[in-house]
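Close look at the chain arrangement
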Amino acid sequence: MSATPYTREQIAVWLRGLLTIAWADGNFDTQEQELINSITKDQLAPCVNFQSLETITPEELAAMLGESTPAAENFLRTAVMVAIADGIYSPSEEKILKQFCRALKLDPHILNSLQHTLENLENRELEDEVPENKINSLDLLHPLREWLDRLEIHDHRLARFLCNMIPSQCPFERDVTLFGKKIVHIPPMCKINPLYEQLVGLRFRALSYLADDCQEDISKYI
C-alpha cells in the first residue's frame, strides 16, 4: 500500500471539519450519522470515537493542517463538496466555509463563485428542467469546478471515505406525496447539484487510487 501523507490526528481533525459542515444546516439525520460512524470506525480512523467527535473551530483546523498548505487546500475542496452534496448551499454552510478559508490562509475568491448559487439553489422550484437562464448563470462556477478537479488523493483512508460518501449513481428522482396527493416532484440529484460532475469525477479518482496504487478490491464500492 502506498504511503499515507496524513497523520491519524490530521485525519481526525479533517473529519471533524467535514462534520462541522454537515451539521451546519441542521439536516444531518440519523441515517447520515450512522453512515459516517460506520466509515469512521471501520475504514477511516478506527481509533477515533465518532460519538466523541465535536465540531471544530477554524483555529484548531489550521493548527493541525497548517496555513496555505496542500493539506489545507485539499481539505477545503472536500468541505465544499460536502456543503453542496445535497444540491443546497445554505448560508450557515457558507459562513463556516469562509471561516475555514480565512483560518487556513487560502484564497477566498474561489468561494465567491459558489456564493452565486446561494440564492439560485435555495429559491429555485424543484422542476424537471432547470431554466436556461439558470444554466447560463451556473457557468460562473467554471473556476470553482477546475479548482475542485485538482483535488489530490494520496491517502487510502480519505479515498475510502469519498467512495462511501459519494453515491455510485445519480440518486433517483421521486415524487413527494401528502395524503395521496403529489405536492412536489424532486428531480435527480444530478439536475439539482451544479457540481455533480465534480463529485462523480472525485469518486472515480478515489476508486482508481485504491485499485491502482493500493491494490485494493474496489468491487464493494461499485
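As recorded by an unreviewed UniProt entry, the chain carries the name Nitrogenase and is attributed to Cylindrospermopsis curvispora GIHE-G1.

**Quick notes on the overall build of the chain**
When helices and strands are tallied, the chain shows twelve helices and two strands. Mapped from its N terminus to its C terminus, the chain presents α and β elements in the order α-α-α-α-α-α-α-α-α-α-β-β-α-α. In the chain, which comprises 222 residues, the proportion classed as buried is 47%. Considering only intrachain contacts with a sequence separation of at least 6, the fraction spanning at least 24 residues in the chain is 76%. For the chain, the exposed area adds up to about 11,800 Å²; of that, 52% sits on carbon and sulfur atoms.

**Considering the pattern of salt bridges**
Going through the model one piece at a time under the given rule, you end up with six salt bridges. A salt bridge links Arg157 to Asp155, with the nearest nitrogen and oxygen atoms 2.6 Å apart. By relative accessible area, Arg157 is classed as buried at 12%. Owing to a relative accessible area of 0%, Asp155 belongs among the buried residues under this scheme. Between Glu216 and Arg160 there is a salt bridge, with its nearest N and O atoms 2.6 Å apart. Of this pair, Glu216 sits in the segment after α12 (196-213) while Arg160 sits in helix α10 (residues 156-165); the two residues are 56 residues apart in sequence, bridging distant segments of the chain. Judged by its relative accessible area of 17%, Glu216 is buried.

Reading the values: the criteria
Residues numbered from 1 in each chain as written. Predicted model: local features only at pLDDT ≥ 70, side-chain atom pairs only at ≥ 80, totals over all residues. Heavy atoms only, no water. Helix = DSSP H or I, 4+ residues; strand = E, 2+ residues; numbered from the N terminus. Buried < 20%, exposed > 50% of the residue type's maximum accessible area, 1.4 Å probe, protein only. Contact = heavy atoms within 4.5 Å. Areas by Shrake-Rupley, 256 points an atom, 1.4 Å probe, with all protein chains shown as cover. Salt bridge = Lys/Arg side-chain N within 4 Å of Asp/Glu carboxyl O.

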